[in-house]
Amino acid sequence: MATKEDDLADEFSKLSTKTQNEIKLSNGIDPTWLTAHSIKDGYSFWCQLTLKQLVDRQLSQTYFQELIFIIEKEQQIYDFHMRLDPKGQNGLTVDFLYKTAANKLGPDQGDVCISCDMNNPLSQSSLIKKNPTTCIWLDAQLRNKLIITPRRHIERLSQMSEEEMTQFWQDAQAILNEEGCNWETMILNHGKYRTHSHLHMKINIGQTQWIRCIGNKYKEKIQQMQNLFACEERDTNIKKYFGNRKFNKWSGIKKQ
Ligand SMILES: [Zn+2]
């Protein structure tokens with residue numbers, strides 16, 4: 001039988017939950033956006049705002065830092081494939097897939113970090129914009145992706161300062177606005193899911209929009225990059241920039 005103390009304890013627990021929720025809401029983040037739903041190979045979070053709305057309302061830094069806190073500090077997951085999917089008017093989902101980490105090998109890169117060392121033809125021809133804390137690139141493997149990297153050589157989102165995190169999402173949204181294209185998914189691999197050690201986010205763009213917005217505008221840069229992998233030095237260049245990595249069928253520099 002419930003005692004008065006139990007009732008009071010219940011009331012207190014409700015009050016305490018309510019207060020916590022109010023605290024959460026006061027920073028603009030709805031607690032349901034931080035609820036982990038189990039999916040195959042990991043967790044999924046659903047945020048009712050779009051990425052653009054998160055950025056415009058200055059919530060992106062807090063939201064993504066809270067998600068990363070849940071994954072790394074609470075769940076102790078450090079090897080993961082993080083994927084953002086737009087859901088139209090219904091906001092976005094952020095998935096963290098980690099259960100296949102045992103099959104992953106981690107980074108295998110060449111002699112240079114192509115995101116830090118600008119003193120090489122591949123980095124020079126793929127760079128399209130330098131912001132104070134981020135760089136925007138065409139994909140070094142010539143796929144339909146824009147790449148955003150922090151200027152600092154860091155390997156995880158959790159290593160970003162609040163300022164860097166704010167700027168990172170703002171710059172991602174800004175380049176999409178500038179190029180006039182939508183995104184299909186955004187991917188951030190961590191730990192063993194990486195192929196390149198420097199943190200980078202791949203912004204996948206649909207084929208039609210890619211040709212219309214990016215392909216034409218950066219025709220010369222794309223040609224320069226193609227030339228690097230279509231010349232006598234092809235194998236040397238692949239080793240230099242990508243190490244012994246295997247390329248999948250989507251790669252623009254797969255075996256010719
Ligand atoms: Zn680097």
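Residues numbered from 1 in each chain as written. Predicted model: local features only at pLDDT ≥ 70, side-chain atom pairs only at ≥ 80, totals over all residues. Heavy atoms only, no water.

As recorded by an unreviewed UniProt entry, the protein carries the name HIT domain-containing protein and is attributed to Rotaria socialis.

A. Molecular detail of the environment of His196. For His196, the location among the structural elements is in the loop between strand E8 (185–190) and strand E9 (201–204). A polar side-chain atom of His196 sits 2.9 Å from a polar atom in the side chain of Ser115. (Helix = DSSP H or I, 4+ residues; strand = E, 2+ residues; numbered from the N terminus. Polar contact = N/O pair within 3.5 Å; in protein donor to acceptor, adjacent residues only side chain to side chain.)

B. Representation of helix H5 (residues 162–179) in the model. Taking 1.5 Å per residue as the helical rise, H5 with its 18 residues ought to reach 26 Å, and the 26 Å between its terminal C-alpha atoms agrees with that figure. Of all the residues in H5, the buried ones are Glu164, Met165, Gln167, Phe168, Trp169, Asp171, Ala172, Gln173, Ile175, Leu176 and Glu179. Trailing H5 by a residue or two, Gly180 shows a phi angle of about 75°, which is positive. (Expected span 1.5 Å × (residues − 1). Buried < 20%, exposed > 50% of the residue type's maximum accessible area, 1.4 Å probe, protein only.)

C. Fine view of the coordination of the zinc ion. Those protein atoms acting as donors to the zinc ion are Cys113 (SG), Cys116 (SG), His153 (ND1) and His198 (ND1), and they sit at 2.0 to 2.3 Å. Linear spacing of the donor residues for the zinc ion on their chain is C-x2-C-x36-H-x44-H. Highlighted residues: Cys116 in the loop between strand E4 (92–97) and helix H4 (121–126) and His198 in the loop between E8 and E9, separated in sequence by 82 residues. Its relative accessible area of 38% is what places Cys116 among the partly exposed residues. Owing to a relative accessible area of 0%, His198 belongs among the buried residues under this scheme. (Donors = N, O, S within 2.8 Å, 3.2 Å for Na, K, Ca; no water.)

D. Structural view of the packing of helix H3 (residues 60–74) against H5. Where H3 meets H5, the axes come as close as 8 Å, and the angle between the chain directions of the two elements is 110°. Looking at the two axes, H3 sits roughly perpendicular to H5. Relative to H5, the crossing made by H3 is right-handed. Of the residues in H5, those in contact with Ser60, Gln61, Phe64 and Gln65 of H3 are Glu162, Met165, Thr166 and Trp169. Of the residues belonging to the contact of H3 with H5, the class tally is 3 nonpolar, 4 polar and 1 charged. (Axes fitted to C-alpha atoms, helices over the stretch in contact; angles between N-to-C directions. Parallel < 35°, antiparallel > 145°, perpendicular 65-115°, else oblique. Left-handed = near helix turned anticlockwise from the far one by under 90°. Contact = heavy atoms within 4.5 Å. Nonpolar A, V, L, I, M, F, W, Y, C, P; charged D, E, K, R; others polar.)

E. Fine view of helix H7 (residues 219–228). Considered for burial, the residues of H7 that qualify are Ile222, Met225 and Leu228. Projected onto a plane normal to the axis of H7, the buried residues spread over an arc of 115° and lie on a single side. Turned more than 90 degrees off the buried face of H7, the exposed positions are Lys219 and Glu220. Against H4, strand E6 (134–138), helix H6 (207–215) and helix H8 (234–242) lie the buried residues of H7. (Arc of directions from axis to C-beta.)

F. Representation of unusual backbone geometry in the model. Even without glycine at this site, Gln76 takes up a positive phi of about 55°. Assignment of secondary structure puts Gln76 in the loop between H3 and strand E3 (80–86). If you check the backbone angles, Leu142 has positive phi at about 60° while not being a glycine. Looking at the element boundaries, Leu142 is found in the loop between E6 and strand E7 (145–150).

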